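Structure assessment
So the chains spell out like this:
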Amino acid sequence: MHLWSKLFLPTLREAPADAEVASHKFLIRAGYVRQLSAGIYSYLFLAQRSMVKITGIVRQEMDKIGQEFYLPALNPREVWEASGRWTVMGENMFRLKDRKGADLCLGMTHEEVMTEIARKELRSYKQLPQIWYQIQTKFRDEPRPKSGLLRVRQFTMKDAYSFDIDAAGLDASYEKHRETYKAIFSRCGLKFVIVKADSGAMGGSGSEEFMVHTDAGEDLIASCEKCGYAANIEKATSKLEAVQDLAPEGDGRPLLVHTPGMKTIDDVAKFLGVSPRNKMKTMAMMAEVKAASASSSHKDGKPVLRPIVVMLRGDHSLSEAKLAAAVGSALPGAEIRPMVEDEIRAVFHSPAGFLGPVGLTRAEGDGQKVATLAKDGKSYSEGVILLVDSALQGRSNLIGGANQEDYHLKNVTPGRDFTPTGYADLRPVEAGETCPECGEGKLTVAKAVEIGHIFKLGYKYSESMGARVLDSNGKEVTPIMGSYGIGIERILTSAIEQNHDEDGFWLPPAIAPFTVVVVVTNVKDAALMEAAKKVAADLEAAGHDVLLDDRDERAGVKFKDADLVGIPYRVNVGRGVAEGKVEVFTRATKEKKEVGMNEVAGSIGSR
RNA sequence: CGGGGCGUAGCGCAGCCCGGUAGCGCGCCUGCUUUGGGAGCAGGAUGUCGGAGGUUCGAAUCCUCUCGCCCCGACCA
């Protein structure tokens, strides 16, 4: 039992001016955390208690499928060079030097270190499968920390890694994690959804994210109420209605039309009397590939530029995440940005506003070929990667820019009038489009926070770092890997986002720092104090974590504080005591009920 | 990194235009009264005005540089 009067629980009446989202405001007002620097927080008593409860649940569930390790946060450069990510991680990685001048970094994730162990130690298929996990601090130099604990530079992650002999094994390990994650988040009292996800910088094939719906979230997820399809907007697809193509004009070859001053899609469509759906949008992007210092041929250290032209239907927009995914394998670690004016002129020989795909010097071959070209470092700057959104596949007689001022082209048919480097899904779905799976439901798009992510990594790290085991035939094979993360603080923050009102928040009992706060309305009344101590002791005996508010404060002050700090139940010991009664208050519903002093423990929801 | 905003007491803010005494509310300390939804009265403490340089007799206030923090866009647990 803890006595409030002896604790340091610095609650505030007002939230700091720079806190925007609910969890940030309340974590500070309730005295859970204090900020040290941008994206760096100190966890005080209540936050730490909650964190310990959360990690306890995570550990209990993870121990059913894996083994807990504890790896160093301080990593030597070499292991990150081995996977190629010393360069790829760029500015997001905290880097430092030791006294001898050797490069080190603070771990952002631990594929490298785990794989290093596997590489050195695993020898035989008989040792597989393995699932290794840890709960540890991660460091990421985020470009923009924000929203209190939601996006920070130092945080706690449960990260797990699986090693299997083959794809079927990986499937099994992945499925174990999926089930374990469901158990963990359910026990933590969160309402969550599982969505298909983009694999991002981690590489690999399949991945799913565990998401909590909240407006404080930074992710968008598309879902179908009808069949349950759900995917991150970076990955979500939809079924588009067919568009009626225009009839060819003249001889059917690309036809120059004068469009004076018409730069936007809408202007041109209106001017020519067609729908934007019959137009093509040409987006000029530039990929900057950071020089891969040790492994590649570019020793000058300058980033290599590679133009990427994206064709979209006139009324569609570009998903930069999907573009990055489409280009990712060919240009690892590339940063993609819109071209600047000079670059547009160099590539198109035309001012912006009249850009089009016809006549561009594109890169040879299909997407695969581009990857090859990029890898041997020969043809970086030759030609343009011309990617066409799949919504334009099979379309004909489109209208696009002519690469000269005030002119557009009619009768443009992809594949005939220009040859794409490849087709890819490059646009974000929008709310109201048709579900790609059931073909019936309409998609909704909503904000969410990512609390967990599971990946089928494949061979990326085991291959690049040279992990090998002998199979049952004595043949050397590369183990296949998975990686699985949970953001511990985000369990806390998203629980607050899901459970708050204007007065404060209430955590699910399993992760609350205390399950019950016993409030004595007047500590100078010996009979009340006596009764409160007994009630508190009974609750503790019944397995609750009890906080006794024995401060010499007016009842109103204590009620306000109790409402604020996230404790799901409150027992008021006051005026009812004369009749042997106390009040049980459920924070979530604000319901009060009178119960006999001796029946309190039984009247509070299970913990 | 691009764009916007803010740094004055523990928290929330005013003062800055128009240079001269640093102020308000909450919180904190002491005493008395009060005691079921952030009490009342009386007394009290607390500031490198983010930092550096400059202008000036004089700078929180004007100028320059700088650091920090927050928000909006590209990344991720």
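These numbers were taken from a predicted model, which means no experiment stands behind them.

Each value, and the rule that gives it
- Residues numbered from 1 in each chain as written.
- Chains lettered and ligands numbered in written order.
- Predicted model: local features only at pLDDT ≥ 70, side-chain atom pairs only at ≥ 80, totals over all residues.
- Heavy atoms only, no water.
- Near = heavy atom within 4 Å.
- Polar contact = N/O pair within 3.5 Å; in protein donor to acceptor, adjacent residues only side chain to side chain.
- Helix = DSSP H or I, 4+ residues; strand = E, 2+ residues; numbered from the N terminus.
- Nonpolar A, V, L, I, M, F, W, Y, C, P; charged D, E, K, R; others polar.
- Pairing = 2+ DSSP bridges.
- Axes fitted to C-alpha atoms, helices over the stretch in contact; angles between N-to-C directions.
- Left-handed = near helix turned anticlockwise from the far one by under 90°.
- Contact = heavy atoms within 4.5 Å.
- Phe/Tyr/Trp six-rings, centres within 6.5 Å; stacked < 30°, edge-to-face > 60°.
- Buried < 20%, exposed > 50% of the residue type's maximum accessible area, 1.4 Å probe, protein only.
- pLDDT = per-residue confidence, 0-100.
- Domains from an automatic or database assignment.
- Buried area = accessible area lost by both parts, 1.4 Å probe.
- Salt bridge = Lys/Arg side-chain N within 4 Å of Asp/Glu carboxyl O.

Turning our attention to the protein's contact with RNA strand B. Residues in close proximity to RNA strand B total 50 residues, the closest being Arg13, Ser37, Asp563, Arg570 and Glu583. Ala17 is positioned with one of its backbone polar atoms (N or O) 2.8 Å from a phosphate oxygen of RNA strand B. Between RNA strand B and Ala38 there is a distance of 2.8 Å, counted from a phosphate oxygen to a backbone nitrogen or oxygen. Put simply, the parts of the chain that give the surface near RNA strand B at least two residues each are β2 (33–37), β9 (154–164), β22 (443–458), α14 (555–564), β31 (569–573) and β32 (581–586). Counting residues per element, the surface near RNA strand B draws most heavily on α14, which supplies seven residues. Residue composition of the surface near RNA strand B, grouped by class: 15 nonpolar, 13 polar and 22 charged.

Once that is clear, we can look at the sheet that holds strand β26 (residues 500–501). In a beta sheet, neighbouring strands pair by backbone hydrogen bonds and run either parallel or antiparallel. Here three strands make up an open sheet; going across it, the order is β26-β27-β30 and the pairing mixed. Taken across any chain shown, the strands that pair with only one partner, and hence form the sheet edges, are β26 and β30 (565–566). As judged from the two bridges shared by β26 and strand β27 (residues 504–506), these two strands associate in the antiparallel manner. Paired with His500 across the bridge in β27 is Phe505.

On to the sheet that holds strand β19 (residues 398–404). Ordered by their spatial adjacency, three strands build an open sheet running β14-β20-β19, and the pairing between neighbours is antiparallel. Among the strands making up the open sheet, the edge pair consists of β14 (255–258) and β19. Across the sheet, the mean angle separating the axes of adjacent strands is 40° when strand polarity is ignored. Strand direction decides the pairing type here: β19 and strand β20 (residues 407–412), joined by four bridges, are antiparallel. Paired with Gly401 across the bridge in β20 is His408.

The N-to-C vectors of helix α2 (residues 45–62) and helix α12 (residues 488–498) enclose an angle of 115°; their axes lie 9 Å apart at closest approach. The handedness of the crossing between α2 and α12 is right-handed. Mapping the contact onto sequence places Ser50, Met51, Ile54, Thr55 and Val58 in α2 and Ile488, Glu489, Ile491 and Leu492 in α12. Of the residues that constitute the contact of α2 with α12, the class distribution is six nonpolar, two polar and one charged.

With that out of the way, let us pick up the packing of aromatic side chains. In total, this model carries 11 aromatic pairs according to the counting rule given. Ring geometry for Tyr174 and Tyr484: centres 6.4 Å apart, planes at 55°, overall tilted. You can see Tyr174 sitting in helix α6 (residues 167–187) and its partner Tyr484 sitting in strand β25 (residues 480–487), a full 310 residues away along the chain. Consider the rings of Tyr181 and Phe210, whose centres lie 5.3 Å apart with planes at 55°: the pair is tilted. Of this pair, Tyr181 sits in helix α6 while Phe210 sits in strand β11 (residues 207–213), placing them 29 residues apart in sequence.

Moving on to unusual backbone geometry. Following Leu128, the chain continues into Pro129 via a peptide bond in cis, with omega recorded as -5°. By the secondary structure assignment, Pro129 is in the loop between α5 (111–121) and β8 (130–139). The phi torsion at Ser147 lies on the positive side, around 55°, for a residue other than glycine. Mapped onto the elements, Ser147 comes out in the loop between β8 and β9. Judged by its relative accessible area of 17%, Ser147 falls in the buried class. One non-glycine residue, Asn411, lies in positive phi territory at about 60°. Within the secondary structure layout, Asn411 lies in strand β20.

With that settled, consider the confidence of the model for chain A. When pLDDT is averaged along chain A, the result is 88, and 91% of the positions lie at 70 or above. A low-confidence stretch, residues 292–300 (pLDDT under 50), is modelled with 10 contacts involving residues beyond four sequence positions or located in other chains. Note that residues 364–381 has pLDDT below 50 and, in this model, 26 contacts with residues that lie over four places away or in other chains. For this predicted complex, the interface confidence score (ipTM) comes to 0.92, while the overall pTM stands at 0.89.

Segmenting chain A into domains produces domain 1 (22–71 + 108–237 + 444–496), domain 2 (255–424) and domain 3 (514–603). Each of domain 1 and domain 3 was reduced to a C-alpha centroid, and the two centroids are 38 Å apart. Taken together, the contact pairs eight residues of domain 1 with five residues of domain 3. Both faces considered, domain 1 and domain 3 share a buried interface measuring about 600 Å² in area, 59% of it formed by carbon and sulfur atoms. At the boundary of domain 1 and domain 3, one finds two salt bridges. In this structure, Asp545 engages Lys53 in a salt bridge whose closest nitrogen and oxygen atoms are separated by 2.5 Å. The tally of links between domain 1 and domain 3 comes to three residue pairs in polar contact (both at pLDDT 80 or more).

The full count for this structure, using the stated rule, is 39 salt bridges. One salt bridge in this structure joins Arg395 and Asp245, with 2.7 Å as the shortest N-O distance. Here Arg395 is found in the loop between β18 (385–389) and β19, whereas its partner Asp245 is found in the loop between β13 (230–232) and β14, with 150 residues between them in sequence. Assessed through its relative accessible area of 7%, Arg395 is described here as buried. A network of salt bridges, in which partner residues are shared, links Asp501, Asp503, Asp563, Arg570, Arg587 and Lys590.

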